[in-house]
Amino acid sequence: MSAGGMLEVDWHRCQGLAMCAAALPGLVDADRWGYPRISRRGTAVSPERTADARWAARSCPLAALRFVPADQ
Amino acid sequence: MNNWSLPGLEVGGAAAGPRPVAWDGHGHRLLSGARLGGAVPPQAHLTQWGPLPGYSLEQLALRAQHYALLGAGGAAFPVHRKLRAMMNRRVGTVVINGAEGETCSGKDQVLLRHVPQLVLDGAELVVRATGCRRIVLRLSPGPGDTGRQMEHAIAARNATRSRGERLNISLSVGPDSFVAGEASAVVNGLFTGNAVPTGLGVPPRQPRRRAYVYLSNVETYARLAVAARGIDPGSALISLSGATQPRVTERAPTLRFAELLPFAQPHDIVITGGWHGAWLRAARLLDTQLTPAAVAAHGGRWGAGAFVLVPSEQAVAALIAVSQFLAQESAGRCGPCRLGLPQLAGLAARGDLEGARALAAEIGDRGACGHPSATSSAVVSALECVYPQRLQRSVAA
């Protein structure tokens with residue numbers, strides 16, 4: 001059902017709380033300041049991690065993380 | 001060396017130098033019909049270049065593609081792709097980006113002051129091809145009175161037209177900062193009043209509206225106006241500053257840098273492509289032709305055509321000044337940029353190449369715009385150029 005997608009950061013909202021890194025081990029880690037190592041293009045999410053990524057995006061207290069599903 | 005300064009930047013407590021906003025009178029293509037001291041009037045412009053062809057979007061894109069026209073704001077995006085992205089889309093605004101945020105660049109101001117009709121031609125081609133009704137010319141409040149001169153140029157152009165053929169152009173002045181000239185910052189400034197970079201959708205749209213925005217740099221419009229007439233628009237339009245008379249010049253691309261910088265010593269440094277660019281010893285550049293490809297082949301960057309000559313004994317002072325300036329010019333909205341760039345400037349001041357490389361990797365390509373990653377590469381390039389012995393040591397290790 002799921003085709004994976006991309007995780008993107010709204011850099012103006014992100015305050016480096018590092019909760020996404022805690023929620024997504026092996027997919028997102030935090031830099032020395034707590035900001036996720038996600039490039040401007042985003043990080044690709046495999047179909048297996050899609051549910052985790054959606055949940056992490058919903059859980060970001062600053063709504064700074066976005067999951068963009070791949071085109072069906 | 002006496003009288004040395006960097007345009008718009010304080011170096012080692014010395015005052016900031018003047019920006020290169022004066023034309024030296026050399027024209028090769030865009031400025032070939034211009035005279036020092038004023039703008040080419042509409043009638044003389046028409047005599048030199050002939051009438052503006054009426055092209056569809058596809059015809060205009062084919063012309064741009066034929067001459068491999070690239071955007072001249074720094075990112076070198078192919079113009080034909082930008083034009084074709086507007087196919088079958090409603091374009092709400094055509095933006096002429098003249099907000100030259102880079103203090104070492106003045107070529108857009110020179111084009112606006114001396115050949116405003118050529119720049120307006122380029123925008124009119126896009127307006128006609130897209131069916132858009134509105135043009136906005138975005139300027140920075142920098143030196144000179146470019147805005148007033150453009151009002152005269154627009155009035156003179158429209159005075160020769162019947163009512164239905166007049167261009168609907170408004171002028172808008174943004175803040176005087178480095179990142180305010182970035183494309184998304186210009187679009188945000190125009191439509192929300194807050195000129196900060198957020199990154200653009202591709203192609204960009206007006207915030208809260210469905211219409212698309214066609215935004216391009218001043219020089220790019222002038223070159224499009226030449227290409228549309230079936231004339232090769234190629235030339236080297238260059239802003240020079242540092243340890244040389246600050247000026248803008250337009251030359252044949254076959255010329256070499258040694259002819260522009262006759263007093264440069266081999267150990268002096270040339271900052272190529274502006275503050276986000278690459279630092280090179282003059283010895284590597286002086287025999288190079290004035291084309292983006294030739295400069296890139298020697299490890300340099302063309303960017304918007306800004307080149308700054310730094311005397312070798314001022315290299316460390318310039319490195320500190322430029323890295324601090326780039327850190328200060330962060331809009332401060334994205335963490336990796338706000339926190340990373342001051343630390344990077346600190347490492348640059350200590351000459352810590354290894355530390356700067358590690359921090360540049362940490363900053364990465366993150367944030368809403370290209371400022372943090374472009375600054376990281378520029379500072380690392382500057383350190384490699386200023387401290388070549390550390391580069392060799394780290395390669396050996």
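Here the structure is a predicted model, which is why all the values come from computation and not from measurement.

### Regarding the overall build of chain A
Move 1: Scanning chain A from N- to C-terminus turns up two helices and three strands.
Move 2: Taken from N to C terminus, the helices and strands of chain A fall in the order β-α-β-α-β.
Move 3: Buried positions account for 40% of the 72 residues belonging to chain A.
Move 4: Intrachain contacts of chain A at a sequence separation of at least 6 include 61% that bridge at least 24 residues.
Move 5: As displayed, chain A has an accessible area near 4200 Å², and 52% of this comes from carbon and sulfur atoms.
Move 6: Charged side chains of chain A number 9 positive and 7 negative; the gap between the two group centres comes to 4 Å.

### Let's talk about the domain arrangement of chain B
Residues and elements named next belong to chain B.
Move 1: You can read the domains of chain B as domain 1 (42-227) and domain 2 (236-396).
Move 2: The C-alpha centroid of domain 2 is placed 28 Å from the C-alpha centroid of domain 1.
Move 3: Across the contact, 22 residues belong to domain 1 and 22 residues belong to domain 2.
Move 4: Area buried by domain 1 at its contact with domain 2 is led by Cys-104, Lys-107 and Phe-178, which between them contribute 35% of it.

### Some details on the confidence of the model for chain B
Low-pLDDT stretches of the model should not have their predicted coordinates read in fine detail.
Move 1: On average, residues of chain B score 93 in pLDDT, and 96% of them are at 70 or above.
Move 2: Both confidence scores are given for the complex: pTM 0.93, ipTM 0.94.

### A closer look at the layout of surface pockets
Residue and element names in this part refer to chain B.
Move 1: Of the pockets and cavities examined, the second largest pocket occupies roughly 560 Å³.
Move 2: Lining of the second largest pocket is provided by 25 residues; of these, Ala-68, Leu-70, Arg-223, Ser-235 and Pro-292 occupy positions nearest its centre.
Move 3: Of all the elements in the fold, those that place two or more residues in the lining of the second largest pocket are helix H8 (218-227) and strand S5 (236-242).
Move 4: Residues belonging to the lining of the second largest pocket are distributed by class as follows: 14 nonpolar, seven polar and four charged.
Move 5: Looking at which domains feed residues into the lining of the second largest pocket, each of domain 1 (42-227) and domain 2 (236-396) gives three or more.

### Examining the sheet that holds strand S9 (residues 306-310) of chain B
Residues and elements named next belong to chain B.
Move 1: Across the sheet, five strands lie side by side as S6-S5-S9-S7-S8; this open sheet has mixed pairing. One side of each edge strand has no neighbouring strand; the edge strands of this open sheet are strand S6 (247-251) and strand S8 (278-281). Looking at each pair of strands side by side, their axes are set apart by 25° on average, direction ignored.
Move 2: Direction of pairing for S5 relative to S9: parallel, over a ladder of four bridges.

### Quick look at a positive patch on the surface
Move 1: A surface patch of like charges, here positive, comprises Arg89(B), Arg90(B), Arg134(B), Arg205(B), Arg209(B) and Arg210(B).
Move 2: The topology assignment puts Arg134(B) in the loop between helix H5 (116-130) and strand S2 (135-139).

### Brief notes about the packing of aromatic side chains
Move 1: Tallied over the full model, the rule gives six aromatic pairs over all chains.
Move 2: Measuring from centroid to centroid gives 6.4 Å for Trp11(A) and Tyr35(A), while their planes differ by 40°, and the two rings are tilted. With Trp11(A) in the loop between strand S1 (5-9) and helix H1 (19-23) and Tyr35(A) in the loop between H1 and strand S2 (43-45), the pair connects residues that are 24 residues apart, well separated along the chain. Note on accessibility: Trp11(A) and Tyr35(A) belong to one class, buried.
Move 3: Three or more aromatic residues joined by ring pairs form one cluster here, namely Phe178(B), Trp275(B) and Phe325(B).
Move 4: A cation sits over an aromatic face here: Arg32(A) above Trp33(A), 5.6 Å from the ring centre.

### Considering the pattern of salt bridges
Residue and element names in this part refer to chain A.
Move 1: As enumerated under the stated definition, the model contains 23 salt bridges over all chains in all.
Move 2: Ionic pairing is found between Arg-49 and Asp-52, a salt bridge with its closest N-O pair at 3.1 Å.
Move 3: A residue is classified by how much of its surface remains accessible, and Arg-49, at 22% relative accessible area, is partly exposed.
Move 4: Residue Asp-52 is classed as partly exposed on the basis of its relative accessible area of 34%.

### A closer look at the pairing of S9(B)
Consecutive residues of a regular strand have side chains that alternate between opposite faces of the sheet.
Move 1: With respect to burial, S9(B) is a largely interior element, five of its five residues being buried.
Move 2: Residue alternation in S9(B) divides its side chains into two sets, Ala306(B), Val308(B) and Val310(B) and Phe307(B) and Leu309(B), and both sets are buried.

Definitions and limits used
- Residues numbered from 1 in each chain as written.
- Chains lettered and ligands numbered in written order.
- Predicted model: local features only at pLDDT ≥ 70, side-chain atom pairs only at ≥ 80, totals over all residues.
- Heavy atoms only, no water.
- Helix = DSSP H or I, 4+ residues; strand = E, 2+ residues; numbered from the N terminus.
- Buried < 20%, exposed > 50% of the residue type's maximum accessible area, 1.4 Å probe, protein only.
- Contact = heavy atoms within 4.5 Å.
- Areas by Shrake-Rupley, 256 points an atom, 1.4 Å probe, with all protein chains shown as cover.
- Lys, Arg positive; Asp, Glu negative; His and termini not counted.
- Charge placed at Lys NZ, Arg CZ, Asp CG, Glu CD.
- Domains from an automatic or database assignment.
- Buried area = accessible area lost by both parts, 1.4 Å probe.
- pLDDT = per-residue confidence, 0-100.
- 1 Å grid on protein atoms, 1.4 Å probe; cavity = no way out; pocket = protein on both sides within 12 Å on 5 of 7 lines; lining within 4 Å.
- Points joined across faces, edges and corners; volume = space filled by probe spheres on them.
- Nonpolar A, V, L, I, M, F, W, Y, C, P; charged D, E, K, R; others polar.
- Pairing = 2+ DSSP bridges.
- Axes fitted to C-alpha atoms, helices over the stretch in contact; angles between N-to-C directions.
- Patch = residues over 30% accessible without salt bridge, like charges linked within 9 Å, V, L, I, M, F, W, Y side chains within 5 Å.
- Salt bridge = Lys/Arg side-chain N within 4 Å of Asp/Glu carboxyl O.
- Phe/Tyr/Trp six-rings, centres within 6.5 Å; stacked < 30°, edge-to-face > 60°.
- Lys NZ or Arg CZ within 6 Å of the ring centre and 35° of its normal.

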